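Structural overview for review
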Amino acid sequence: MSTQQNAPSPSPGAGSEKPGRIAALAALNALEGAALALGGIYMLAVGLFGRPDSLQQAEMGGLTLVALGLIPLFAARGLLRRRSWSRGPALITQLMALPVAWTLLRAQGALIPAGIVLAAVAVTALVLLLNPATTQALGIRGPRTTPDA
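Predicted, not measured: the structure shown is a model, and the values here were computed from it.

Rules behind the numbers
Residues numbered from 1 in each chain as written. Predicted model: local features only at pLDDT ≥ 70, side-chain atom pairs only at ≥ 80, totals over all residues. Heavy atoms only, no water. Helix = DSSP H or I, 4+ residues; strand = E, 2+ residues; numbered from the N terminus. Buried < 20%, exposed > 50% of the residue type's maximum accessible area, 1.4 Å probe, protein only. Contact = heavy atoms within 4.5 Å. Patch = residues over 30% accessible without salt bridge, like charges linked within 9 Å, V, L, I, M, F, W, Y side chains within 5 Å. Areas by Shrake-Rupley, 256 points an atom, 1.4 Å probe, with all protein chains shown as cover. Salt bridge = Lys/Arg side-chain N within 4 Å of Asp/Glu carboxyl O. pLDDT = per-residue confidence, 0-100. Expected span 1.5 Å × (residues − 1). Lys, Arg positive; Asp, Glu negative; His and termini not counted. Axes fitted to C-alpha atoms, helices over the stretch in contact; angles between N-to-C directions. Left-handed = near helix turned anticlockwise from the far one by under 90°. Nonpolar A, V, L, I, M, F, W, Y, C, P; charged D, E, K, R; others polar.

1. Points about the overall build of the protein
- Counting its secondary structure elements, the protein contains six helices and zero strands.
- Taken from the N to the C terminus, the helices and strands of the protein come in the order α-α-α-α-α-α.
- For the protein, with 149 residues in total, the buried portion stands at 29%.
- Intrachain contacts of the protein at a sequence separation of at least 6 include 68% that bridge at least 24 residues.

2. Section: a nonpolar patch on the surface
- A cluster of nonpolar side chains, namely Leu68, Ile71, Ile92 and Met96, defines an oily patch on the protein surface of about 340 Å² accessible area.
- For the nonpolar patch, the secondary-structure elements that each account for two or more residues are helix H3 (55–80) and helix H4 (87–105).

3. Digging into the confidence of the model for the protein
- The share of residues in the protein with pLDDT of 70 or more is 84%, and the mean pLDDT across the chain is 86.
- Low confidence marks residues 1–15, where pLDDT is under 50. Its contacts with residues over four positions away, or in another chain, come to seven contacts.

4. Considering the environment of Trp85
- Secondary-structure assignment places Trp85 in the loop between H3 and H4.
- Here the alpha-carbon distance between Trp85 and Gly139, two residues 54 residues apart in the chain, equals 9.9 Å.

5. Brief notes about the side chain of Asn29
- Mapping Asn29 onto the fold places it in helix H2 (residues 20–49).
- In this structure, Asn29 is in contact with Pro72, Leu73, Ala75, Ala76, Leu79, Ala90, Thr93 and Gln94, ignoring residues within four places of it in sequence.

6. Quick word on H2
- Here H2 is 30 residues long and its end C-alpha atoms lie 43 Å apart, about the 44 Å a rise of 1.5 Å per residue gives.
- Every buried residue belonging to H2 is among Ile22, Leu25, Ala26, Leu28, Asn29, Glu32, Gly33, Ala37, Gly40, Leu44 and Gly47, and all of these are buried.
- On its buried side, H2 packs onto H3, H4, helix H5 (111–130) and helix H6 (132–137).

7. Topic: the side chain of Glu59
- Counting through the fold element by element, Glu59 comes out in helix H3.
- In this structure Glu59 is buried but unpaired, with Arg51 as the nearest side chain of opposite charge at 14 Å.
- In contact with Glu59, not counting residues within four places along its chain, are Met43, Leu44, Gly47 and Leu48.

8. Describing the environment of Val123
- Tracing the backbone through its elements, the reader meets Val123 in helix H5.
- Considering only alpha carbons, one finds Val123 and Leu95, 28 residues apart in sequence, at a separation of 9.0 Å.

9. Details of unusual backbone geometry
- Unlike most non-glycine residues, Arg82 shows phi in positive territory, near 60°.
- Tracing the backbone through its elements, the reader meets Arg82 in the loop between H3 and H4.

10. A short note on H4
- Relative to the 27 Å expected for 19 residues at 1.5 Å per residue, H4 spans 27 Å between its end C-alpha atoms, a close match to the ideal helical length.
- Taken residue by residue, H4 has Ala90, Thr93, Gln94, Ala97, Ala101 and Leu104 as its buried positions.
- Where H4 is buried, its residues meet H2, H3 and H5.

11. As for the environment of Gly142
- Tracing the backbone shows Gly142 in the segment after H6.
- Separated by 10 residues in the primary sequence, Gly142 and Pro132 place their C-alpha atoms 9.4 Å from one another.

12. A closer look at the packing of H2 against H5
- Running from N to C, H2 and H5 point in directions that differ by 145°, and their axes come no closer than 10 Å. Judged by the twist between their axes, the crossing of H2 over H5 is left-handed. Counting all contacts with H2, which are made through Arg21, Ala24, Leu25, Leu28 and Glu32, the residues of H5 involved are Leu118, Val121, Ala122, Thr124, Ala125, Leu128 and Leu129.
- Looking at the contact of H2 with H5 residue by residue, the classes come out as nine nonpolar, one polar and two charged.

What follows is the structure, encoded as structure tokens:
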């Protein structure tokens, strides 16, 4: 067995620069988080100052969107700081965005371009997230294998 296999991997912040893909991934997550939070704030404002069909539904929907918007925002912050935990929330956000994009693509009118944009952002972020270089930059090790005796 070689000594390279047993050597500890360098920590994520050990002198190497952030790859551009990490910054792009963080930007995509921040964009999604901001869009969700702004949509939630809009729903809250309509619930308070507008004439919603159901006040409780508008307020609860707004609070839910704001809370869901915090997840990718925290993930984006973690990605910029190269924290390995941030990959999970970022991945979940992208996987949740795909069915929403599909629903928007099946709608009519202005929702179709929104679905195209959301699908493009989610797929791009998934490709960046699952890239082995991103995994390595975040300090995530692959599955451990034991050598054959």
